[in-house]
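Residue-level listing of the chains:
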Amino acid sequence: MTRTAIVTGAARGIGAAIARRLASDGNSVGVLDLDEAHGAETVASIRDAGGRAIAVGANVADAAEVAAAVAKVESELGAPTILINNAGILRDNLLFKMTEDDWDAVLSVHLRGAFLMSRAVQAHQVAARWGRIVNLSSVSALGNRGQANYAAAKAGMQGLTKTLAIELGRFGVTANAIAPGFIVTDMTRSTAERLGVGFDELIAHSAEQIPVGRAGQPDDIAAAASFFCSEEAGFVSGQVLYVAGGPRA
Ligand code: NAP
């Protein structure tokens with residue numbers, strides 16, 4: 001059965017990999033990112049592989065833009081019943097240097113964004129009596145130096161996930177979270193820049209700490225998302241899956 005998915009922050013990194021994977025699983029995909037033009041590359045790669053996708057521009061933290069984006073996906077691809085809340089930003093700083101803007105920006109994109117997107121998409125899921133929500137948490141939810149804002153947001157994603165699972169389960173909707181460890185993307189590249197180390201050096205250092213002996217790739221996370229969105233995962237809900245090459249990266 002062809003279903004329609006929305007993946008937020010799908011222009012690059014983990015979101016792009018999840019969008020491509022859900023498309024190859026047979027779903028039509030709304031590739032949502034801040035600017036519609038940013039999603040063009042992901043959409044082209046899905047279409048080149050024979051899949052169906054459109055790019056949609058929206059700031060997930062803006063309720064009106066979220067409503068318009070979900071309506072656009074509904075009219076062009078069909079009612080969305082799969083939602084991946086992946087859009088994210090970093091504003092790392094030690095607590096004593098962290099500004100209110102650093103705090104608000106991170107909480108806003110991750111948590112308010114996931115709340116607004118979930119609230120908009122659940123209407124279609126409840127109507128269809130079927131749905132899948134996957135929220136991107138992080139190993140940082142367990143606490144991470146320089147990331148008070150991000151750790152709070154990523155722990156919040158876990159509480160949101162469990163509550164969505166409880167509220168929406170009766171409508172055939174599951175909600176689960178993936179908590180990635182170190183994944184090679186622009187986000188971790190920016191961390192290397194902030195720390196003043198080369199990206200390759202940071203990847204090698206991280207691999208040494210990871211039990212399976214390598215850094216993660218976006219496709220590692222896409223595989224977990226594919227499982228949570230599958231038909232046969234209908235009895236798996238409210239779970240947090242750490243995809244980190246070990247119990248904790
Ligand atoms: P990334 O490469 O920085 O990509 C993030 C994407 O989100 C970008 O395309 C960005 O758009 C988009 N975005 C940012 N703010 C947005 C907004 N307000 N509305 C819509 N889209 C927005 O990040 P990533 O590494 O793939 O991470 C994806 C998710 O996994 C994030 O939630 C992150 O916290 C989580 N995660 C990542 C890692 C890791 O090691 N990489 C580990 C744990 C968890 P622009 O292109 O316009 O900037």
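Residues numbered from 1 in each chain as written. Predicted model: local features only at pLDDT ≥ 70, side-chain atom pairs only at ≥ 80, totals over all residues. Heavy atoms only, no water.

*Asks:* How would you summarise the UniProt feature "domain: Ketoreductase" (unreviewed entry) in the protein chain if you had to cite specific residues and measurements?
*Replies:* Under the local residue numbering, the UniProt record ascribes the feature "domain: Ketoreductase" (unreviewed entry) to residues 3-181. Overall, residues 3-181 shows 48% helix and 20% strand. The separation of its end C-alpha atoms is 29 Å. (UniProt positions renumbered as here; feature names shortened; annotations may be inferred. Helix = DSSP H or I, 4+ residues; strand = E, 2+ residues; numbered from the N terminus.)

*Asks:* Talk me through the pairing of strand β5 (residues 131-136); I want residue IDs and the actual numbers.
*Replies:* Most of β5 is tucked away: six of the six residues are buried. Judged by which residues are buried, β5 turns out to be covered on both faces: G131, I133 and N135 on one side and R132, V134 and L136 on the other are all buried. Relative to β5, strand β4 (residues 80-85) is paired through four bridges, and the arrangement is parallel. Bridging across to β5, I82 finds its partner in R132. Handedness of the crossover joining β4 and β5 through helix α4 (residues 100-128): right-handed. Across six bridges, β5 lies against strand β6 (residues 173-180) in parallel orientation. Bridging across to β6, I133 finds its partner in A175. The parallel pair β5 and β6 is bridged by helix α5 (residues 148-168), and the resulting crossover is right-handed. (Buried < 20%, exposed > 50% of the residue type's maximum accessible area, 1.4 Å probe, protein only. Pairing = 2+ DSSP bridges. Right-handed = clockwise from strand over helix to strand, strands pointing away.)

*Asks:* Give me the lowdown on the environment of G246, citing residues and values where you can.
*Replies:* Structurally, G246 can be placed in the segment after β7 (240-243). Between the alpha carbons of G246 and L195 there is a distance of 24 Å; along the sequence they are 51 residues apart.

*Asks:* Summarise the sheet that holds β4; cite the residues concerned and give the values.
*Replies:* Pairing is parallel across the open sheet formed by seven strands, whose spatial order is β3-β2-β1-β4-β5-β6-β7. One side of each edge strand has no neighbouring strand; the edge strands of this open sheet are β3 (53-57) and β7. Neighbour-to-neighbour, the strand axes of this sheet turn through a mean angle of 20 degrees, independent of strand direction. The pairing of β6 with β7 spans four bridges and is classified as parallel. Across the sheet, residue A179 finds its bridge partner in β7, namely Y242. The sheet contacts of helix α3 (residues 63-77) involve β1 (4-8), β2 (28-33), β3 and β4, and relative to β3 the element is tilted by about 160 degrees. Most of the contacts of α5 go to β5, to which it runs at about 165 degrees, and overall it touches β4, β5, β6 and β7. (Axes fitted to C-alpha atoms, helices over the stretch in contact; angles between N-to-C directions. Contact = heavy atoms within 4.5 Å.)

*Asks:* Please set out the side chain of T4 residue by residue, giving values where relevant.
*Replies:* Checked against the element boundaries, T4 lands in strand β1. A polar side-chain atom of T4 sits 3.0 Å from the main-chain carbonyl oxygen of L77. What T4 contacts, discounting residues up to four positions off in sequence, is S28, V73, L77, G78, A79, P80, T81 and I82. (Polar contact = N/O pair within 3.5 Å; in protein donor to acceptor, adjacent residues only side chain to side chain.)

*Asks:* Residues and numbers for the packing of helix α1 (residues 13-24) against helix α8 (residues 218-229), please.
*Replies:* The contact between α1 and α8 brings their axes to 8 Å, and the two run at 45 degrees. It follows from the interaxial angle that α1 and α8 lie oblique. Between α1 and α8 lies a crossing whose hand is right-handed. For the pair formed by α1 and α8, the contact residues are G13, I14, A17, I18, R21 and L22 on the first element and P218, D219, I221, A222, A223, A225, S226 and C229 on the second. (Parallel < 35°, antiparallel > 145°, perpendicular 65-115°, else oblique. Left-handed = near helix turned anticlockwise from the far one by under 90°.)

*Asks:* If you had to explain the domain arrangement of the protein chain to someone new, which residues and values would you point to?
*Replies:* Domain boundaries in the protein chain define domain 1 (4-181 + 219-242) and domain 2 (184-215). One C-alpha centre belongs to domain 1, the other to domain 2; they are set 24 Å apart. Each partner contributes to the interface: domain 1 provides nine residues, whereas domain 2 provides seven residues. The contact between domain 1 and domain 2 buries some 590 Å² in all, and 54% of this surface belongs to carbon and sulfur atoms. At the boundary of domain 1 and domain 2, one finds three salt bridges. Residues D186 and R12 are paired through a salt bridge, measuring 2.9 Å at the closest nitrogen-oxygen approach. At the junction of domain 1 with domain 2, the criterion picks out three residue pairs in polar contact (both at pLDDT 80 or more). Of the residues in the side of domain 1 that touches domain 2, the class split is four nonpolar, two polar and three charged. (Domains from an automatic or database assignment. Buried area = accessible area lost by both parts, 1.4 Å probe. Salt bridge = Lys/Arg side-chain N within 4 Å of Asp/Glu carboxyl O. Nonpolar A, V, L, I, M, F, W, Y, C, P; charged D, E, K, R; others polar.)

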